[in-house]
Amino acid sequence: DRASLRASYAGEELDVGGFEMELEGVTSRVSGRLPLALALGREPELPEREMDLVLDIPNGDLALLPQLLPPIGYAAGRYEIDARVRGTPKHPDLGGTVIVSDARVRLAGREELFEQGRARFTLGSREITLDSLTAIQSSRGRNPGRVWGKGVVRLDGLALRDYEFQMAMRNVTAVEPGVYVANFDGDFQVTRGPRVGGATVPLVTSDNVSIRQAVVLFDFTRQTEEDQVQASTQPLYWLYRLQLTAVNNLRWTPPDADIEFSADLTVEQTPDSLLLYGDMRALRGTYYFLANRFTVQQADLTFDNVNGLDPVLDAEATMRLVTAAADPSEPPVPHTVRVRLQGRSSKPDIEFTSD
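Residues numbered from 1 in each chain as written. Predicted model: local features only at pLDDT ≥ 70, side-chain atom pairs only at ≥ 80, totals over all residues. Heavy atoms only, no water.

Peer 1: Quick question: what am I supposed to make of the packing of aromatic side chains here?
Peer 2: When we look at a pair of aromatic rings, we describe it by the centre distance and by the angle of the planes. One pass over the structure, following the stated rule, counts three aromatic pairs. Seen in terms of ring centroids, Phe184 and Phe188 are 6.1 Å apart; in terms of plane orientation they differ by 80 degrees. Their pairing is edge-to-face. When sorted by exposure, Phe184 lands in the same class as Phe188, which is buried. (Phe/Tyr/Trp six-rings, centres within 6.5 Å; stacked < 30°, edge-to-face > 60°. Buried < 20%, exposed > 50% of the residue type's maximum accessible area, 1.4 Å probe, protein only.)

Peer 1: It is not clear to me how the pairing of strand S8 (residues 127-136) should be interpreted in this structure. Could you clarify?
Peer 2: Along any regular strand the residues' side chains alternate between the sheet's two faces. In this structure, strand S7 (residues 113-123) lies alongside S8, joined through seven bridges in antiparallel fashion. Paired with Leu123 across the two strands is Ile128, which belongs to S8. Hairpin connection, S7 to S8: the antiparallel pair is bridged by three residues. Of the pairings in the sheet, the one linking S8 to strand S9 (residues 146-156) comprises eight bridges and is antiparallel in character. Across the sheet, the residue bridging to Ile136 is Arg146, located in S9. (Pairing = 2+ DSSP bridges. Helix = DSSP H or I, 4+ residues; strand = E, 2+ residues; numbered from the N terminus.)

Peer 1: Before we go on, may I ask you to explain the pattern of salt bridges in this structure?
Peer 2: Here the idea is simple: oppositely charged side chains can pair when their charged atoms come close. Applying the stated criterion across every chain yields a total of 24 salt bridges. Put simply, Asp300 and Arg281 hold a salt bridge, and the shortest N to O gap is 3.2 Å. Taken as a pair, Asp300 in strand S16 (residues 292-304) and Arg281 in strand S15 (residues 274-289) lie far apart in primary sequence, 19 residues in all. With a relative accessible area of 43%, Arg281 lands in the partly exposed category. Residue Arg340 is joined to Asp314 by a salt bridge in which the shortest nitrogen-to-oxygen separation is 2.9 Å. Residue Arg340 is located in strand S18 (residues 333-344), and its partner Asp314 is located in strand S17 (residues 312-323); the two are separated by 26 residues in the primary sequence. (Salt bridge = Lys/Arg side-chain N within 4 Å of Asp/Glu carboxyl O.)

Below you can see the structure in the form of structure tokens.
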């Protein structure tokens, strides 16, 4: 929206008395001196000599963040930068601080919104340190989800080399519409992952994700080829490898079932597939078959990543059926009908018996 520059040039040095740029109400200021070789008929060059630049952004807008960091889908809030760059163009010496306040952030490809975010970064010549980060998931209620973090970004000159962040989450709820809703605790490590589709994506790992409560809506027993193709063609903003445990309160609720499970699972999203290993064991529940309500006595699911999300099933359920006696004068006759399912969930062997 507005820009101004006061500078002088002599002896292969640019002396910036003041450069200001305003964009949507955010003013950035740079001042200092920079080695610069200018000559007619030659490309400009930065000689390897001392430089000294000061950058001051007192009231920046985080709305620009998704343009710089693709893993961020949405951001709002303010930031302050007080930085100084010395050293030489090939060996810069960066120093200063970045303070983020009142941030609202949603990660790319996710539904969760984190609010009241605050963070402090310390700038160094070889790394940028995340000294502290805090945020809550929702301001509603007495016990919102909470996030804490710290970490480091390592630099090669002023270019990114790699990064590593430690994030602690408590009482956080993850949502995948039509698939699951899960409330959990966990400690996560975020590092630089491989290139996927021409871009480098973050890798999230954890060995202690504890499920407080979850509802799984996806019916993997009726997964079509179209579902599998659609899942494999979704853009990937994150890769992850998570160890999930649930003592109880993990409910599977497709249209014809409501079963509570315990679980010990490893979930991994690779660049080309979703892998699931481990076991789920039913604690209690019901299943409807041909409009009859069966009580689940046992349901063990073993995921071994054969043919995608197609676990080995070992289940048994019963129902009480009352039929009329052959002699109308006799009382109705109760029967226990038992069904046994074994094999792959997509094509199980089913056996009915009755007493």
